[in-house]
Amino acid sequence: MIANLDKTYDHHDVEHRWSSAHWESEGIYGAESSRVLVEGKEPYTVLMPPPNVTGSLTLGHVLNHTLQDIFIRYQRMSGKEALWLPGTDHAGIATQTVVEKKLRAEGVSRRDLGRKGFLEHVWRWREEYGGLILKQLRKLGISCDWRRNLFTMDESASAAVRHAFVSLYRDGLIYRGKRIINWCPVSQTALSDEEVIMKPRKDKLVYVRYPLVKRPGEFITIATVRPETILADVAIAVNPNDPRYRDLIGELAVVPVAGRHVPVIADDYVDIEFGTGALKITPAHDPNDFEVAGRHNLPILCVVGRDGKMTDEFGYAGMDRFDAREKIIADLESLGNLERVEDYEHNVGYSERADVVVEPYLSEQWFVKMKPLAEKALQVVNEGEIRFHPAHWISTYRHWMENIQDWCISRQLWWGHRIPAWYDEEGKIWVAGSYEEACHLAGTDKLIQDEDVLDTWFSSWLWPLTTLGWTGENTDNEDIRAFYPTDTLVTGPDIIFFWVARMIMAGLYFKGDVPFRDVYFTSIIRDLKGRKLSKSLGNSPDPLKVIDAYGTDALRFTIVYIAPLGQDVLFGEEKCEFGRNFATKIWNAARLVFMQREKVFGDIETFGKAYAGFTPDPELLSGAQRWILGRYHEMLVSYHTAFSLFRMNDITRIVYDFFRGDYCDWYLETLKIELTEEIDEQKRRHAVFLAVSILEGFLKVLHPVMPFITEEVWHHIVERKNSESIASSIMPQAEEHWKSSEQEDFTAVQKVISEARSLRAVFGVPHDMNASLVISVQDEPAKRIIAANTHIVTRMTGCTLEIAGKGLQRPPHSASSVVDGSELFMPLEGLISFDKEIARLEKEAGSVSSYVMRMEKKLANKGFVDNAPEEVVENEKRKLAEAKDNLRKLDANLEVLRN
RNA sequence: GGGUGAUUAGCUCAGUUGGUUAGAGCGCUACCUUGACAUGGUAGAGGUCAGAGGUUCGACUCCUCUAUCACCCACCA
């Protein structure tokens with residue numbers, strides 16, 4: 001064990017020494033989360049949102065997992081049984097696409113391989129590349145229980161999926177139906193509404209004339225953005241209250257190009273104001289038209305196939321839908337049916353994965369009835385049984401729940417959980433947990449399983465249950481009893497509907513209880529220009545490169561520091577300099593403390609024995625020490641409060657401000673001075689104990705955010721084994737009694753020092769010149785503590801200090817300042833410019849006098865004095881008196897100078 | 001069309017129930033290589049808190065409207 005830290009801080013070394021691999025071999029983080037709850041310990045559970053197996057580490061993961069790790073480490077150090085459940089998601093479409101692409105490059109299609117052969121390829125691919133994201137996550141130093149790693153396609157998770165499907169089906173909440181769904185022509189599968197992204201698109205609004213069969217020369221004009229679907233028109237609809245068309249209802253019109261006769265029908269759905277007020281009805285290619293057709297018993301014709309190409313004749317078969325659109329406009333024109341074409345911008349749905357326009361497609365799919373599930377899920381959030389942070393996401397959640405649509409869960413893919421439904425020879429459906437069971441139910445073994453697989457989210461919504469070993473068969477085990485409901489879910493607001501909402505439904509439905517208590521919605525990370533990070537823009541920094549350049553701790557600290565609750569965050573990797581500089585500062589401060597320790601105690605063993613069980617002794621504390629102890633405990637109060645309020649960026653701010661602003665800038669500077677004094681050995685030892693113990697406390701509160709450097713420095717405090725970890729040490733708690741009143745007094749010393757330094761700087765006193773400082777202090781306690789710290793003032797200002805009594809005359813040729821009723825004079829023969837000094841004091845007097853005027857006006861206001869709380873009024877009076885006193889002194893000084 | 005959030009120093013952001021002479025980091029200016037640290041220290045410049053009303057003794061903070069930006073939801077062809 002090394003007693004002293006290296007001269008320079010190298011994050012690579014530190015991260016390597018305390019790597020995830022180290023802890024896995026030592027069993028530290030893993031062992032923390034035991035399979036069975038330790039007697040007397042309270043559980044605390046976090047669910048890791050399972051990253052896609054196809055994924056690689058993004059800054060989104062960094063923020064998300066750092067936050068989870070902060071919660072876990074904090075709770076673990078606070079004495080809870082902290083369990084963090086990791087895993088990966090099979091990501092149906094994404095994975096299948098990736099593997100298909102790889103195969104295509106080798107000249108093989110999935111159809112060539114067949115279902116079984118293709119799935120073997122996917123599993124092999126997963127073996128080879130699927131672990132990448134987990135390996136990268138380990139670089140972040142996250143302390144989850146890797147032994148419990150679950151994959152959504154593992155047998156236990158798959159069993160749970162089958163069970164969930166079967167029980168929802170039996171309860172009548174899953175049904176199969178022919179409906180218009182969102183179809184991705186590239187992936188050739190159905191999608192849920194959530195997988196469709198609406199984007200504005202410039203199209204043409206085409207006005208087409210439909211001749212009326214019985215009224216030669218007359219026609220009805222409709223407007224459409226999808227003229228290629230004219231071929232599948234089955235009616236023209238108008239509003240029954242539209243006087244323009246009233247007498248045409250019931251007539252027949254000729255569909256251009258197709259030549260078919262279709263009726264003119266009346267339906268309230270048609271908006272009189274829009275377009276021409278007449279609407280073509282194409283039930284197979286528009287969900288609204290589908291409903292209208294249902295109301296009017298119209299036939300359904302289909303002209304666009306599953307590959308997005310035209311299927312019908314009339315010379316279009318096999319054409320891409322967009323090419324067909326161009327061609328039909330030309331054809332309409334040559335037939336004389338085209339009235340005009342307008343530019344038109346509207347929102348069009350795109351497939352989330354393939355980024356192509358989705359096709360409304362009529363097909364048989366499986367659906368989950370969502371309304372019954374939504375009711376309770378809404379209730380638990382409304383009633384605060386589940387809390388959202390920030391709370392404003394409740395409105396978004398509520399709106400979705402109140403307008404919920406059925407969930408299309410079948411996907412025409414091969415990679416995923418195959419739907420546990422079988423068809424007998426008559427086409428009757430048998431839903432069961434297995435083929436054998438289905439055969440038993442059906443009374444035959446001539447069953448064919450449904451070809452489709454389930455939406456990936458159908459396994460994700462069971463995550464809080466499956467990670468604890470719930471399979472549907474096994475619904476109660478020690479894990480579930482101990483850790484369900486889990487505590488905190490950390491996730492991005494972009495998957496509030498996909499995942500969060502559905503997990504709540506599933507938890508309530510399958511387990512009868514909420515899946516978690518608190519949901520922390522992270523910031524969305526953007527680049528410095530506020531754009532979303534994306535591969536195509538090339539604005540997405542590789543976290544591993546950032547880690548290599550700045551360090552994991554620096555990245556973790558920086559990203560949490562700049563990510564406020566509920567706001568987007570603009571990230572540039574240069575910002576990590578902030579975290580890196582902080583880490584360096586910690587390193588160097590620790591070096592100073594350890595150097596002092598060595599001077600006083602010699603070797604670390606001697607120190608360690610003496611330090612064990614140290615508590616500060618009020619009798620031995622100097623003013624500065626008393627002050628830093630007070631500040632330390634104040635910091636602890638804010639720190640724990642911030643945790644309870646989920647204000648994670650406050651945590652970093654609180655810890656940073658304490659360490660930089662108080663511990664390093666003031667306390668360590670005074671420590672150096674105090675230890676060079678002739679003080680007795682007991683005080684000297686006590687001073688080092690205190691410095692080390694506050695450093696240790698600081699390391700502990702920082703540890704959840706910066707696990708590596710805190711671990712390293714903590715191991716240098718006393719001799720420790722490599723298997724010991726700060727992660728299993730006890731989080732310090734605030735002790736109110738250290739918040740001493742003396743604290744105010746040391747502030748007086750600080751103010752004198754700052755003011756003296758300011759005078760030196762303003763008048764350009766050379767740094768190696770020993771100036772003198774004469775001060776006159778009104779306030780007795782302040783005077784006492786300044787006197788007690790004369791040596792500190794002297795050393796920190798480079799001025800010999802003289803404390804004068806009352807009625808002090810301004811020393812000649814001096815610069816002056818008034819602070820908190822104390823007057824400071826710095827005689828500077830030869831350096832002082834009277835004009836400069838007068839100008840400076842006048843400026844100061846000016847601002848003080850305007851403040852005095854404002855305060856006088858305020859206190860003269862009867863309304864204020866009568867209505868404001870007494871303490872506020874008293875405080876204002878005191879502030880006015882002080883300001884007036886300062887002003888009087890400034891004026892007196894100016895008077896002397898002017899004569 | 002509905003909803004949510006934002007607007008504070010040149011830049012990025014704090015400012016927790018209304019009472020501070022409105023703060024930090026970066027950048028900028030000056031001085032300092034002092035035995036922890038130049039990835040540093042000290043001192044300083046820099047803001048009519050988006051705009052207009054209102055509530056109040058008192059508004060960066062609460063309410064209303066306006067402007068700008070961002071995101072989410074929505075079946076108007």
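(A) Layout of the environment of Ile272. Inspection of the secondary structure puts Ile272 in the loop between strand E11 (261–266) and strand E12 (278–281). Expressed as a C-alpha distance, the spacing of Ile272 and Asn239, which sit 33 residues apart in the sequence, is 6.4 Å. In this structure Ile272 touches Asn239, Asn241, Asp242, Arg244 and Gly277, once residues within four positions along its chain are discounted.

(B) View of the pattern of salt bridges. Applying the stated criterion across every chain, the model contains 58 salt bridges. Taking the shortest distance from any N to any O, the salt bridge between Glu437 and Arg170 comes out at 3.6 Å. One end of the pair, Glu437, is in helix H13 (residues 435–442); the other, Arg170, is in helix H8 (residues 155–170), and 267 residues separate them in sequence. Between Glu876 and Lys879 there is a salt bridge; the shortest N-O distance is 3.0 Å. Residue Glu876 and its partner Lys879 are located together in helix H31 (residues 870–898), separated by three residues, close to a single helical turn. Classification of Glu876 as buried rests on a relative accessible area of 7%.

(C) Quick peek at the sheet that holds strand E5 (residues 174–184). Pairing is antiparallel across the open sheet formed by four strands, whose spatial order is E6-E5-E14-E16. Whereas interior strands pair on both sides, the edge strands pair on one side only; in this sheet they are strand E6 (189–191) and strand E16 (407–408). For E5 and E6, the ladder comprises three bridges, and the chain directions are antiparallel. Of the residues in E6, the one forming a bridge with Trp183 is Ala190.

(D) Focus on the packing of helix H4 (residues 59–77) against helix H19 (residues 552–561). Taken N-terminus to C-terminus, the directions of H4 and H19 make an angle of 95 degrees; their axes are 10 Å apart at the nearest point. Of the possible angle classes, the one that applies to H4 and H19 is roughly perpendicular. Contact with H4, carried on its side by Leu59, Val62, Leu63, Thr66, Leu67, Asp69, Ile70 and Arg73, involves Leu555, Arg556, Ile559 and Val560 of H19 and no other residues of that element. Its residues placed into classes, the contact of H4 with H19 shows eight nonpolar, one polar and three charged.

About the cut-offs
Residues numbered from 1 in each chain as written. Chains lettered and ligands numbered in written order. Predicted model: local features only at pLDDT ≥ 70, side-chain atom pairs only at ≥ 80, totals over all residues. Heavy atoms only, no water. Helix = DSSP H or I, 4+ residues; strand = E, 2+ residues; numbered from the N terminus. Contact = heavy atoms within 4.5 Å. Salt bridge = Lys/Arg side-chain N within 4 Å of Asp/Glu carboxyl O. Buried < 20%, exposed > 50% of the residue type's maximum accessible area, 1.4 Å probe, protein only. Pairing = 2+ DSSP bridges. Axes fitted to C-alpha atoms, helices over the stretch in contact; angles between N-to-C directions. Parallel < 35°, antiparallel > 145°, perpendicular 65-115°, else oblique. Nonpolar A, V, L, I, M, F, W, Y, C, P; charged D, E, K, R; others polar.

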